[in-house]
Amino acid sequence: MDKIVIKGGNPLHGSVQISGAKNAALPVLASALLTEGTNTFQNIPDLVDIKTIKKLLISMGAEIEGEQTVKIKVDKITSHTASYDLVKTMRASILVLGPLVARAGVARVSLPGGCAIGARPVNLHLKALEDMGAHVELKNGYIEAKAKKLKGANIYFDLTTVTGTENIMMAATLAQGTTVLNNAAREPEVVNLADVLKGMGAKISGAGTDVITIEGVTSLKPTKAAIIPDRIEAGTFMIAAGMTRGEINVNGCNPNHLEALINKLRDTGMKITPIKNGLKVSAGKKINSVDVKTIPYPGFPTDLQAQMMAYMSIGNGLSVISETVFENRFMHVSELLRMGADIVIQGGNAIVRGVPRLRGAQTMATDLRASASLVLAGLAAEGTTEISRVYHIDRGYETIEKKFSALGADIKRVRQ
């Protein structure tokens with residue numbers, strides 16, 4: 001099992017190129033199940049989760065070529081089952097459920113696994129499919145859904161759900177009649193998927209708002225589309241620049257997708273200016289402590305909460321970080337404490353008292369974004385930090401150690 005070893009204290013300088021967004025690529029790749037013929041998707045990141053969904057699609061009859069540009073052909077769905085062995089490592093596998101029921105009329109998908117950061121129940125997906133006329137059962141750890149033909153429905157999500165919005169939007173493209181998704185997720189990744197589906201011939205309006213309307217069509221055609229840049233990767237590098245007292249160019253990002261983070265980082269004292277291909281990010285003279293509350297887009301993203309907590313752990317003052325999206329997303333706190341952070345958990349809030357410096361320690365990654373926070377803490381800390389179980393980070397960051405090394409960090413991956 002690999003580990004990452006960091007000798008902290010080096011300010012970051014230079015330019016980093018942001019990869020395609022994992023959370024946009026996964027549903028877009030799953031959407032290939034909706035069409036015959038060859039879909040071409042560009043700017044696909046090289047990540048473990050991408051490899052997993054490729055394996056899943058191949059098991060269902062897909063022919064796949066390429067890495068950064070991926071061509072997917074699913075002329076015939078040969079299997080309607082997403083097995084536990086593939087699904088257990090990645091919750092996003094649930095995204096094949098809607099396309100399978102819509103095109104093939106049947107799906108058997110294992111209940112998902114992935115990061116242990118909260119229940120993230122799939123009941124919202126299942127209720128929506130039932131509202132559209134599907135018969136849904138849970139049997140032996142699998143979701144079994146059947147429908148001769150899905151029918152348009154007025155769907156209301158009790159909680160804002162990104163994968164639920166994406167799953168049901170895909171299912172509705174081939175349903176009979178009109179489907180309206182109320183309290184839909186507004187994330188850029190949802191908009192990216194809607195644009196891809198419209199390229200296939202789907203009739204979708206309202207993506208990017210909390211009401212999305214889909215008028216079903218009889219069939220879809222293959223398309224060619226690009227994946228948006230990863231706003232979470234971009235945000236991670238932006239925070240790293242502030243933590244290490246550095247200055248970097250974050251190339252290839254979309255500033256419009258980062259407004260909540262940009263405003264918060266400016267409040268900490270950082271200077272952030274647009275450049276031709278992204279953002280120039282500079283550390284401030286000091287780190288002002290700020291309060292952070294995670295809420296669905298366009299609010300502050302839960303996927304940057306752990307990284308922001310690492311940043312605030314060396315801030316000047318007191319910070320309250322409130323997590324409202326996932327109920328179990330403070331597992332990185334115990335590891336930051338090992339590095340000298342002063343953090344107290346009170347329910348859904350973390351009270352962070354900034355300390356002058358963190359100190360290197362042996363740590364263990366508990367989930368994808370927690371592992372990123374430990375990397376940032378290690379970059380800013382005195383001494384050496386070792387992070388084990390880094391397979392988590394490979395699920396969402398493309399060669400993170402190489403990108404940080406190119407910015408001047410003393411970071412390496414050690415094979416164990």
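Scroll up to find the structure.
Presented here is an overview of the structure given in this document.

1. Brief notes about the pattern of salt bridges
Summed over all chains, the structure comprises 19 salt bridges. For Glu67, the salt bridge is made with Lys54, and the minimal N-O distance between the two is 3.6 Å. A residue pair is termed long-range when its members are at least 10 positions apart, and Glu67 in the loop between strand S4 (63–65) and strand S5 (70–73) and Lys54 in helix H2 (residues 48–59) qualify at 13 residues. The partner of Asp195 in a salt bridge is Lys198, with the nearest N and O atoms 3.8 Å apart. With Asp195 and Lys198 both in helix H7 (residues 188–199) and three residues apart, this pair spans about one turn of that helix. Classification of Lys198 as partly exposed rests on a relative accessible area of 38%. One continuous salt-bridge network, built from bridges that share partners, spans Asp2, Asp394, Glu401, Arg413 and Arg415.

2. Side note on the sheet that holds strand S9 (residues 142–146)
The sheet built from four strands is open, its strands ordered S6-S7-S9-S8 with mixed pairing. With one partner strand each, in any of the chains shown, strand S6 (81–82) and strand S8 (135–139) form the two edges of the open sheet. Here strand S7 (residues 106–110) pairs with S9 via five bridges, running antiparallel. What sits directly across from Val106, in S9, is Lys146. Each of S7 and S9 touches helix H4 (residues 97–104); the most contacted strand, S7, lies at about 160° to it.

3. Describing helix H12 (residues 368–380)
The end-to-end C-alpha distance of H12, which contains 13 residues, comes to 19 Å, matching closely the 18 Å that a straight helix rising 1.5 Å per residue would cover. Summarising burial for H12: twelve of the 13 residues are buried, a large majority. Buried within H12 are the following residues: Leu368, Arg369, Ala370, Ser371, Ala372, Ser373, Leu374, Val375, Leu376, Ala377, Gly378 and Leu379. Sitting at the amino-terminal end of H12 is Asp367, which places a side-chain oxygen 3.2 Å from the backbone nitrogen of Arg369.

Conventions and cut-offs
Residues numbered from 1 in each chain as written. Predicted model: local features only at pLDDT ≥ 70, side-chain atom pairs only at ≥ 80, totals over all residues. Heavy atoms only, no water. Salt bridge = Lys/Arg side-chain N within 4 Å of Asp/Glu carboxyl O. Helix = DSSP H or I, 4+ residues; strand = E, 2+ residues; numbered from the N terminus. Buried < 20%, exposed > 50% of the residue type's maximum accessible area, 1.4 Å probe, protein only. Pairing = 2+ DSSP bridges. Contact = heavy atoms within 4.5 Å. Axes fitted to C-alpha atoms, helices over the stretch in contact; angles between N-to-C directions. Expected span 1.5 Å × (residues − 1). Polar contact = N/O pair within 3.5 Å; in protein donor to acceptor, adjacent residues only side chain to side chain.

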